[in-house]
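Okay, here's what each chain looks like letter by letter:
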Amino acid sequence: MNNEQTYLNLLRKVLEEGEEREDRTGVGTISLFSPPECRYDLREGFPLLTTKSLAGKRWEGIVRELLWFLSGSTNCKDLEKYNIPIWTAWSNPDGNLGPIYSKQWRAWNTYEPTRVYGSNIPDGYLFKKDIPIDQIANLVKGLKEDPFSRRHIVSAWNVGELDQMNLPACHFAWQCYVTTKGELDLKLTARSNDSFLGYPYNLASYSLLLTMLAQVTNLTPRYFILSTGDTHAYKNHLDQIKEQLSREPRNPPRLVLNSSIKNIDDFTYDDIRLEDYNPWPTIKAPVAV
């Protein structure tokens, strides 16, 4: 089974086995909890869908959003200047989104316990903010220095800051795995997933991230694995999904990175290129906010 067929089978499973549910957006969904995880082999080509076009601004949005996450920015105006509005609906008037993915990846707050003497709390502690933890830098360092560790994990689910996030993380945690042959796998876990609009972006974004991480750690990208909790199709996407399922997948495109980049923070949009992408036409659908 090729990569895209794996995704199409997931769409079918959601429609055939899911239950009708009301949801936060008021649109309503067909929802399936924890379908079998999907494994995509990057050695077969880059898994950008061909049964609907994600070219042009859609592909640009995938790349620029990932670079935005890696930059640590939590202000959507840094995306809007490229005419990428994918986070605008959740932002404050000034563009801020709270401590979302970018903040947690690059500056997770930690606290240093400090003994307090002479206070009204005998032997009590005050907790003060310490230097934030850069999970991405720690991950890259760990992949290089201790590749077989079982702790190559990045989390965006900061329980202490969820109420400050304009949109709590959907794809909230991911783990890397290095084989004895020098191959790199990445497994993503999502608590909630819009199977028609969101999933294809997650699939492309994290496959790109896997490829970037592999390059800067001298490893070979192998499997991207996606495990989803509430996996749903919005009721106003059903006709679009049926149209996509009627299409036959085409050959996958090829992802080309600037091979001179050796630091994860040095990638720019111009260092990332897609080749031989020949998809079916776009299928438009509204985003549920």
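Since the model is a prediction, treat every value here as computed from it, not as a measurement.

A. Layout of the packing of aromatic side chains. For the structure shown, the criterion picks out 16 aromatic pairs. Where tryptophan 105 meets tyrosine 206, the ring centres are 6.4 Å apart and the plane angle is 70°; that geometry is what we call edge-to-face. Placement of the pair is tryptophan 105 in helix H4 (residues 101–107) and tyrosine 206 in helix H6 (residues 198–216), with a sequence separation of 101 residues. The exposure classification of tryptophan 105 matches that of tyrosine 206, with both residues buried. With 6.3 Å between their ring centres and 5° between their planes, tyrosine 206 and phenylalanine 224 make a pair best called stacked. One end of the pair, tyrosine 206, is in helix H6; the other, phenylalanine 224, is in strand S9 (residues 220–234), and 18 residues separate them in sequence. For the pair formed by tyrosine 206 and phenylalanine 224, the shared burial category is buried. Chaining the aromatic ring pairs together yields one cluster made of Tyr7, Tyr40, Trp68, Phe69, Trp87, Trp90, Tyr101, Trp105, Trp174, Tyr199, Tyr206 and Phe224. Sitting above the plane of the phenylalanine 196 ring, lysine 52 keeps its charged end 3.5 Å from the centroid. Above the face of the tyrosine 82 ring, arginine 64 is positioned so that its terminal group lies 3.7 Å from the ring centre.

B. Region of the structure containing helix H7 (residues 238–245). Considered for burial, the residues of H7 that qualify are Gln240, Ile241, Gln244 and Leu245. Taken around the axis of H7, the buried residues stretch over an arc of 135°, which confines them to a single face. Exposed side of H7, more than 90 degrees from the buried face: Asp239 and Lys242 are the residues found there. On its buried face, H7 is in contact with helix H1 (3–17) and S9.

C. Expanded view of the packing of H1 against H7. The geometry of H1 relative to H7 is characterised by a closest axis approach of 11 Å and an angle of 140° between their N-to-C directions. Here H1 lies oblique to H7, going by the angle between them. In the packing of H1 onto H7, the handedness of the crossing is left-handed. Seen from H1, the contacting residues are Tyr7, Leu8, Leu11, Arg12 and Leu15; seen from H7, they are Leu238, Ile241, Gln244 and Leu245.

D. Inspection of the nonpolar core at higher detail. Counting 75 residues, the largest nonpolar core has Trp105 and Trp174 as the members making the most contacts within it. Per-element accounting of this core gives the leading share, eleven residues, to H6. Setting aside chain neighbours within four positions, we find tryptophan 105 in contact with Leu66, Phe69, Leu70, Ile133, Asp134, Gln135, Ile136, Val154, Ala156, Trp174, Tyr206 and Leu209.

E. Just the packing of helix H2 (residues 57–71) against H6, in detail. Interhelical geometry of H2 versus H6 gives an angle of 55° and a closest axis separation of 10 Å. Taken together, the axis directions place H2 and H6 in an arrangement best described as oblique. Note that H2 runs across H6; the crossing there is right-handed. Two secondary-structure elements touch here, H2 through Arg58, Ile62, Val63, Leu66, Leu67 and Leu70 and H6 through Tyr201, Ala204, Ser205, Leu208, Leu209 and Met212.

F. Spotlight on the pattern of salt bridges. Applying the stated rule across the entire model yields 17 salt bridges. Across the pair glutamate 183 and arginine 222 runs a salt bridge, and its minimum N-O distance is 3.7 Å. Linking glutamate 183 in strand S8 (residues 183–194) with arginine 222 in strand S9, this pair joins segments that are 39 residues apart in sequence. Like arginine 222, glutamate 183 is buried. Residue arginine 247 pairs with glutamate 243 through a salt bridge whose shortest N-O separation is 2.9 Å. Look at glutamate 243 and you get partly exposed, because its relative accessible area is 38%. Each of the salt bridges in this network shares a partner with another, and the network as a whole consists of Asp41, Arg43, Glu183, Asp185 and Arg222.

G. Molecular detail of the state of the cysteines. Evaluated as defined, the whole model comprises zero disulfides. Cysteine 170 provides the cysteine sulfur closest to cysteine 76, a residue in no disulfide bond, and the two sulfurs are 16 Å apart. The class for cysteine 76 is buried, based on a relative accessible area of 1%.

H. Summary view of unusual backbone geometry. Its identity as a non-glycine residue notwithstanding, asparagine 218 has a phi of 60°, on the positive side. You can see asparagine 218 is positioned in the loop between H6 and S9. By relative accessible area, which is 67% here, asparagine 218 ends up exposed. A positive phi angle, near 60°, is found at aspartate 276, a position not held by glycine. Considering the arrangement of structural elements, one finds aspartate 276 in the segment after strand S11 (272–275).

Thresholds, definitions, all that
Residues numbered from 1 in each chain as written. Predicted model: local features only at pLDDT ≥ 70, side-chain atom pairs only at ≥ 80, totals over all residues. Heavy atoms only, no water. Phe/Tyr/Trp six-rings, centres within 6.5 Å; stacked < 30°, edge-to-face > 60°. Helix = DSSP H or I, 4+ residues; strand = E, 2+ residues; numbered from the N terminus. Buried < 20%, exposed > 50% of the residue type's maximum accessible area, 1.4 Å probe, protein only. Lys NZ or Arg CZ within 6 Å of the ring centre and 35° of its normal. Arc of directions from axis to C-beta. Contact = heavy atoms within 4.5 Å. Axes fitted to C-alpha atoms, helices over the stretch in contact; angles between N-to-C directions. Parallel < 35°, antiparallel > 145°, perpendicular 65-115°, else oblique. Left-handed = near helix turned anticlockwise from the far one by under 90°. Core = buried A, V, L, I, M, F, W, Y, C linked by side-chain atoms within 4.5 Å. Salt bridge = Lys/Arg side-chain N within 4 Å of Asp/Glu carboxyl O. Disulfide = S-S within 2.5 Å.

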